[in-house]
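Residue strings, one per chain:
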Amino acid sequence: MDRLILAIDQGTTSTRAIAFAVSPQGDFSAVAVSQVELAQHFPQSGWVEHDAAEIWHATLRTCRAVIAEAGGIDGFAAIGITNQRETSVLWDTATGEPLHRAIVWQDRRTADVTARLTAEGHEPMVQAATGLILDPYFSATKFAWLLDAVPGARDRALRGEVKLGTIESWLIWKLTGGARHVTDATNASRTSLMDLETRVWRDDLCTLFRVPREALPDIHGCSDHLGDCEASLFGGSLPIHGAAGDQQAALVGHGAMHPGDAKITYGTGAFLVANVGRSPVISTRRLLGTLAYQLGDNVAWALEGSIFSAGSAIQWLRDGVGLIDDPARSEAMARSLDDNGGVYLVPGFTGLGAPWWQPDARGTITGLTRDSGPAHFVRAALEALAYQTRDLLDALVADGAPRLAVLRVDGGVTANGFAMQFVADICDVPVERPPFQEMTALGAARLAALGIGLIDHLGDAAGAAPTVWTPRMAPDERARLIKGWQSAVRAAIIAAQ
Ligand code: ADP
């Protein structure tokens with residue numbers, strides 16, 4: 001008989017619960033889904049906040065809805081959690097309430113702190129220890145900001161009266177009625193406080209970032225028993241047996257468990273995570289060294305790179321310049337041309353991510369002629385996805401990562417067959433899209449199923465055959481196009497100086 005796993009997917013814009021049925025053969029199918037949008041707060045330019053209490057209530061609501069729809073708590077065997085990473089919460093252990101709004105990963109309010117630490121020469125040590133560059137993106141400076149902003153919080157942290165954590169820690173603390181203050185190693189790897197190799201909090205980093213160890217959760221593996229949810233919440237208790245940050249959960253969802261396996265999620269932005277195997281890699285190309293997963297003694301590391309504008313460039317064509325009325329229309333417009341006509345679009349709307357890390361770069365279009373029309377803009381925006389992906393894959397190779405046999409993709413943009421073929425052509429690697437798209441939630445469910453012994457490994461994800469795009473571009477054509485892109489990127493960076 002099928003057993004059910006409850007996956008909680010707490011994302012930046014919504015909170016979702018999905019009930020997965022797991023067959024005796026280990027196949028997963030989604031049988032109930034519930035989703036609640038999450039309010040975004042922008043109190044100042046560059047600040048982004050979420051209400052952690054709202055996140056908790058949305059979690060309860062969505063979990064209750066799918067448990068009811070799937071026939072009640074008795075059919076469920078465990079909970080797995082995946083979450084937006086780095087977003088930081090401070091709460092009061094006595095009241096169980098947040099002491100401030102959560103600071104979201106996109107928030108730049110601590111940019112002055114990381115700039116000062118960089119100027120003081122701390123970045124090489126931080127990167128060697130954590131795999132991460134110094135940037136306000138990561139939790140450590142957000143934690144310190146919260147402790148400074150809430151009166152008395154620093155002293156209370158030393159007495160154990162307030163706790164710090166990322167979203168999975170907050171949810172597990174609430175689900176267990178305050179019994180467990182824990183995190184998993186993938187989420188912990190995004191704080192700038194965890195030693196990437198040994199996976200323990202480092203006292204020197206806690207001191208540097210002014211975060212008391214006493215307020216931090218204990219670090220566990222991704223399919224460990226992380227606690228039991230209180231029986232009163234859902235009409236019965238369930239073990240919480242899996243947790244991983246969203247990008248790592250997607251890696252697990254794709255079954256990318258071997259060195260050289262990689263996935264890229266093309267949504268608003270795009271996130272590449274590549275499994276690099278049994279030891280950490282510290283990037284020389286400003287990729288991020290991070291954890292892929294920790295399953296008991298079975299640990300794998302990853303390199304990660306982000307593209308800030310992927311689908312958002314398509315949204316801009318629709319909302320900013322009105323060239324299309326629907327993202328889906330972009331495919332036919334791109335295909336209406338034989339080639340790019342020499343036009344490149346560098347979508348540096350919010351700066352350029354890895355491997356460029358040029359926060360001040362701006363969007364740039366090069367190569368316009370009197371023949372350029374709307375279709376050239378659209379085609380150039382779609383092609384930019386592929387060039388940016390190629391830049392990340394080149395950085396991976398330069399860092400000594402194993403060569404990819406296949407690039408696994410998910411996310412809204414993968415509906416665009418033109419763009420996916422162009423990714424395959426420019427990156428010279430087959431691109432594979434699984435038929436089931438909820439890779440993040442699936443990864444959390446698979447971790448929990450492994451944790452309770454419902455499945456015995458996380459090898460290749462079973463399921464229906466993927467859609468595959470195979471490279472078919474001639475090498476000299478590829479080289480010519482990439483050269484044009486590189487000139488366009490130089491123009492975008494020069495324009496910002
Ligand atoms: P997120 O999870 O970041 O909200 P999604 O995975 O839901 O993103 O993907 C949404 C993005 O996909 C939007 O930016 C949209 O412009 C883009 N998109 C959706 N369909 C297409 C399409 N057919 N071609 C190109 N882009 C598309």
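It should be emphasised that the depicted structure is a prediction, and the values quoted were computed from it without experimental measurement.

What about the pairing of strand 6 (residues 88-92)?
For strand 6, the tally of buried residues reaches five of five residues, placing the bulk of the element in the interior. Every second residue of strand 6 is oriented toward a common face, with S88, L90 and D92 on one face and V89 and W91 on the other, all of them buried.

A few points about the domain arrangement of the chain
For the chain, the domain assignment lists domain 1 (3-246) and domain 2 (255-433 + 465-497). Using only C-alpha atoms to locate each centre, domain 1 and domain 2 end up separated by 28 Å. Across the contact, 23 residues belong to domain 1 and 19 residues belong to domain 2. A buried area of about 1,700 Å², summed over both sides, lies between domain 1 and domain 2, and 56% of it is on carbon and sulfur atoms. Counting the surface domain 1 buries against domain 2, the share from its top three residues, I133, L196 and R199, is 30%. If you look at where domain 1 meets domain 2, you find three salt bridges. Here R190 ties to E304 by a salt bridge, and the two come within 3.1 Å at their closest N and O atoms. On inspection of domain 1 and its partner domain 2, the count reaches ten residue pairs in polar contact (both at pLDDT 80 or more). When contributions to the side of domain 1 that touches domain 2 are tallied by element, the ones reaching two or more residues are helix 3 (123-130) and helix 7 (185-188). Ranked by the residues each element gives to the side of domain 1 that touches domain 2, the list is headed by helix 3, at four residues. Split by residue class, the side of domain 1 that touches domain 2 holds nine nonpolar, eight polar and six charged.

So, the packing of helix 14 (residues 417-427) against helix 16 (residues 475-495)
Where helix 14 contacts helix 16, the axes come no closer than 9 Å and their chain directions differ by 100°. It follows that helix 14 is roughly perpendicular to helix 16 by the angle criterion. Where helix 14 abuts helix 16, its residues F422, D425 and I426 lie against R478, L481 and I482. Per-class residue counts for the contact of helix 14 with helix 16 are four nonpolar, no polar and two charged.

A look at the site of the ligand
The environment of the ligand is made up of 13 residues, and the closest members are T268, G311, Q315, G412 and N416. Within the backbone of G412, a nitrogen or oxygen atom sits 2.8 Å from an oxygen atom of the ligand. Side-chain polar atom of N416 to a nitrogen atom of the ligand: 3.0 Å apart, as the coordinates give it. Across the complex, the protein chains shield 67% of the 580 Å² of accessible surface that the ligand would expose by itself. Among the elements that make up the shell around the ligand, the one with the highest residue count is helix 11 (residues 311-320) (four residues). Tallied by class, the residues present in the shell around the ligand amount to four nonpolar, nine polar and no charged.

Observations concerning the packing of aromatic side chains
Enumeration over the complete set of coordinates arrives at 14 aromatic pairs. Measuring from centroid to centroid gives 5.1 Å for W316 and F349, while their planes differ by 45°, and the two rings are tilted. In this pair, W316 is assigned in helix 11 and F349 in the loop between strand 17 (344-346) and strand 18 (364-366), connecting sequence segments 33 residues apart. Residue F349 is classed as partly exposed on the basis of its relative accessible area, which comes to 28%. With a centroid separation of 6.1 Å and 15° between ring planes, the pair formed by F418 and F422 is classed as stacked. Of the two residues, F418 and F422 are both situated in helix 14; the distance of four residues between them amounts to about one turn of the helix. Like F418, the residue F422 is buried in the burial classification. Through a chain of ring-to-ring contacts, the aromatic side chains of Y344, Y387, F418, F422 and W485 assemble into a single cluster. Against the face of W47 rests R109, its NZ or CZ located 3.7 Å from the ring centre.

So, the state of the cysteines
By the definition in use, this model includes zero disulfides. C206 forms no disulfide, and the closest cysteine sulfur to it belongs to C222, at a distance of 20 Å. We note that C222 lacks a disulfide partner, and the nearest cysteine sulfur, in C63, lies 19 Å from it. Taking relative accessible area as the criterion, C222 reaches 0% and is therefore assigned buried.

Observations concerning the pattern of salt bridges
Going through the model one piece at a time under the given rule, you end up with 27 salt bridges. For R156, the salt bridge goes to D92, with nearest N and O atoms at 3.2 Å. With R156 in helix 5 (residues 153-158) and D92 in strand 6, this residue pair connects regions lying 64 residues apart in the sequence. What makes R156 partly exposed here is its relative accessible area of 21%. With relative accessibility at 8%, the residue D92 sits in the buried group. The shortest N-O distance in the salt bridge between D428 and R478 comes to 3.4 Å. Of the two residues, D428 is situated in the loop between helix 14 and strand 20 (431-433) and R478 in helix 16; the sequence distance between them amounts to 50 residues. One connected set of salt bridges, linked through shared partners, spans R85, E86, R190, D246 and E304.

Structural notes on the environment of G72
Tracing the backbone through its elements, the reader meets G72 in the loop between helix 1 (52-69) and strand 5 (76-83). Under the relative-accessibility criterion, G72 is labelled partly exposed at 22%. On a C-alpha basis, the gap between G72 and G235 in space is 8.4 Å, while along the polypeptide they are 163 residues apart.

What counts and what doesn't
Residues numbered from 1 in each chain as written. Predicted model: local features only at pLDDT ≥ 70, side-chain atom pairs only at ≥ 80, totals over all residues. Heavy atoms only, no water. Buried < 20%, exposed > 50% of the residue type's maximum accessible area, 1.4 Å probe, protein only. Helix = DSSP H or I, 4+ residues; strand = E, 2+ residues; numbered from the N terminus. Domains from an automatic or database assignment. Contact = heavy atoms within 4.5 Å. Buried area = accessible area lost by both parts, 1.4 Å probe. Salt bridge = Lys/Arg side-chain N within 4 Å of Asp/Glu carboxyl O. Polar contact = N/O pair within 3.5 Å; in protein donor to acceptor, adjacent residues only side chain to side chain. Nonpolar A, V, L, I, M, F, W, Y, C, P; charged D, E, K, R; others polar. Axes fitted to C-alpha atoms, helices over the stretch in contact; angles between N-to-C directions. Parallel < 35°, antiparallel > 145°, perpendicular 65-115°, else oblique. Near = heavy atom within 4 Å. Areas by Shrake-Rupley, 256 points an atom, 1.4 Å probe, with all protein chains shown as cover. Phe/Tyr/Trp six-rings, centres within 6.5 Å; stacked < 30°, edge-to-face > 60°. Lys NZ or Arg CZ within 6 Å of the ring centre and 35° of its normal. Disulfide = S-S within 2.5 Å.

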